[in-house]
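Geometric and topological summary
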Protein chains: 2
Amino acid sequence: MGNNAEPLERLIEQFNQFPGVGRKGATRMAYQVLSMQPAQAMELAKAIQDAHTRLHRCRICMNYTEQDTCKVCSSAKRDRSMICVVESPRDIVSFERTREYNGMYHVLHGLISPMDGVTADQLCVKELLARLTDGTVQEVIMATNPTVEGEATAMYLAKLIKPLGVRVSRLAYGLPVGSSLEYADETTLFRAFTGRDEL
Amino acid sequence: MGNNAEPLERLIEQFNQFPGVGRKGATRMAYQVLSMQPAQAMELAKAIQDAHTRLHRCRICMNYTEQDTCKVCSSAKRDRSMICVVESPRDIVSFERTREYNGMYHVLHGLISPMDGVTADQLCVKELLARLTDGTVQEVIMATNPTVEGEATAMYLAKLIKPLGVRVSRLAYGLPVGSSLEYADETTLFRAFTGRDEL
C-alpha cells in the first residue's frame, strides 16, 4: 500500500469509502481514472460537484430535487391522502418502477440504529409529522426494509403517528414472486403462512 | 431511470463506466455522494483531479509516478538486468508484495486484443524495445495474465525481443498454492503436469 504515490493512494481511499466498494475495487477505479483522458476525468469530478451543488432535499418529502419541491410533490395527479415512508431516495425509484403507487412519499434518510449511533432525531421524522397535521393524509405506509432496523423504525413511527388519528400500515411479508418454497427461510415462510390471503 | 434529476443521472452514468460497477452500484455510489457533507464531496472531486494532474507515466517503465522516474526505476538497489513486463500498474503492486523480485518493470498499459481493436502500437512496446538496446538487460520476463490476450501479447513480444539477443521467459503455469486438485480445470492440470519440477 505504501508503494502507491500519494495522489493515487488518496484517490483509492476516497473510492474505498463507498458502500460495496472494497480496497480492490477502489484500486481498480483509481487506475481507471488515471487511464482516462484529462477531459473525461474533469467531467467526472464536475459531475460530483454538480450533483452536490445543484441537488437538495425537496421541501416536502425530503427526496433529492433541483427545484424547491420534487416532481411527485408538485404533481397534481398524485393522491395526497397516502404517504409511503422510505429509508432512502433509491427506494422511491423502486416504487415508481411498479407504476402502481400513486400516493406521496417521505424519505427518512436513514433508519434508527442504536448500533451505529443513529437516533430518531437524526432522521427526517419531524418533517413527516408536520405533514400529518392538516388532515389531508389518511394513511401512512411504512416501507422501510424488512430488517431489524427497518422494523424498529416502523414501530417507532407508528407509535408517534397513530395518536394523530392517521392509519399506519406496513408492506406485507411473504414469498418473493417467482421464488421457490424450497429456498425460503423459516421466518419468511412463517410470515407468509400467518399473513395468508383468502382465495 | 428518467425519473432521476439530470445531475444525479449524469453522476450515475459517470460511476457506471468504471469496471465492475453496474447500474445498481453506480446508483448507490451517486446517492452516497449526495449524502456527503459538501466538503467531503469536494475532496473526492479534488482527489480525482489531483491524481490526474499530478501523476504521469514514468519516463522509463511507464508506471504512474509523481516524479520524472518512478521509485523502482530510480532505486540504485534494483537489478537492472531483468525486466518484468506487465499489463497494468496494478500488477506491479502484486509483484512488489511478494518481496522476492528485485528487477525492473515495464508496463504495457494493455494487451493486444483484436476483439477490442487494440493493436500492438497502442501499447508501450517501442518504449520496452528501446530499453533493450544498450545490453544492460539480460532477461525479459513476460508476466501478462494467463489469458488468450495475455498469451498472444507475450508471444508477439517474444518474437520481437529474441532477435535482440535478450532471453525471454514467462511465468510458470500450474496449480495455485493452497488449492485442491479436485477444483483445478483440465488445462491448468495439464500445464502443471507438463511443467512438473524435479524434486
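Here goes a summary of the coordinates provided.

**Some points on the overall build of chain A**
When helices and strands are tallied, chain A shows eight helices and six strands. Ordered by position from the N terminus, the helices and strands of chain A form the series α-α-α-β-β-α-β-α-β-α-β-α-β-α. Burial analysis of chain A (199 residues in total) assigns 42% to the buried set. Pairs at least 24 apart in sequence give 46% of the contacts found in chain A among residues at least 6 apart. Of the roughly 11500 Å² that chain A leaves accessible, carbon and sulfur atoms contribute 54%. For chain A, the distance from the average site of its 23 positive side-chain charges to the average site of its 24 negative ones is 4 Å.

**What about helix α2 (residues 23-35) of chain A?**
Compared with the 18 Å implied by 1.5 Å per residue over 13 residues, the 18 Å span of α2 of chain A between its first and last C-alpha is a close match. Every buried residue belonging to α2 of chain A is among Ala 26, Thr 27, Met 29, Ala 30, Tyr 31, Val 33 and Leu 34 of chain A, and all of these are buried. Tucked into the core, α2 of chain A has its buried residues touching α1 (6-16) and α3 (38-54) of chain A together with α2 (23-35), α3 (38-54), β2 (64-65) and α5 (89-98) of chain B.

**Focus: the packing of aromatic side chains**
Applying the stated criterion across every chain, the model contains 12 aromatic pairs over all chains. Aromatic pair Phe 15 of chain A and Phe 18 of chain B: ring centres 5.5 Å apart, planes at 65 degrees, arrangement edge-to-face. Taken as a pair, Phe 15 of chain A in helix α1 and Phe 18 of chain B in the loop between α1 (6-16) and α2 lie in two separate chains rather than in one. One exposure class covers both Phe 15 of chain A and Phe 18 of chain B, and it is buried. Aromatic pair Tyr 64 of chain A and Tyr 31 of chain B: ring centres 6.2 Å apart, planes at 25 degrees, arrangement stacked. On the criterion of chain membership, the pair formed by Tyr 64 of chain A in strand β2 (residues 64-65) and Tyr 31 of chain B in helix α2 is interchain, its members lying in two chains. In textbook terms, an aromatic cluster arises when at least three aromatic residues are bridged by ring pairs, as seen for Phe 15 and Phe 18 of chain A together with Phe 15 and Phe 18 of chain B.

Rules behind the numbers
Residues numbered from 1 in each chain as written. Chains lettered and ligands numbered in written order. Predicted model: local features only at pLDDT ≥ 70, side-chain atom pairs only at ≥ 80, totals over all residues. Heavy atoms only, no water. Helix = DSSP H or I, 4+ residues; strand = E, 2+ residues; numbered from the N terminus. Buried < 20%, exposed > 50% of the residue type's maximum accessible area, 1.4 Å probe, protein only. Contact = heavy atoms within 4.5 Å. Areas by Shrake-Rupley, 256 points an atom, 1.4 Å probe, with all protein chains shown as cover. Lys, Arg positive; Asp, Glu negative; His and termini not counted. Charge placed at Lys NZ, Arg CZ, Asp CG, Glu CD. Expected span 1.5 Å × (residues − 1). Phe/Tyr/Trp six-rings, centres within 6.5 Å; stacked < 30°, edge-to-face > 60°.

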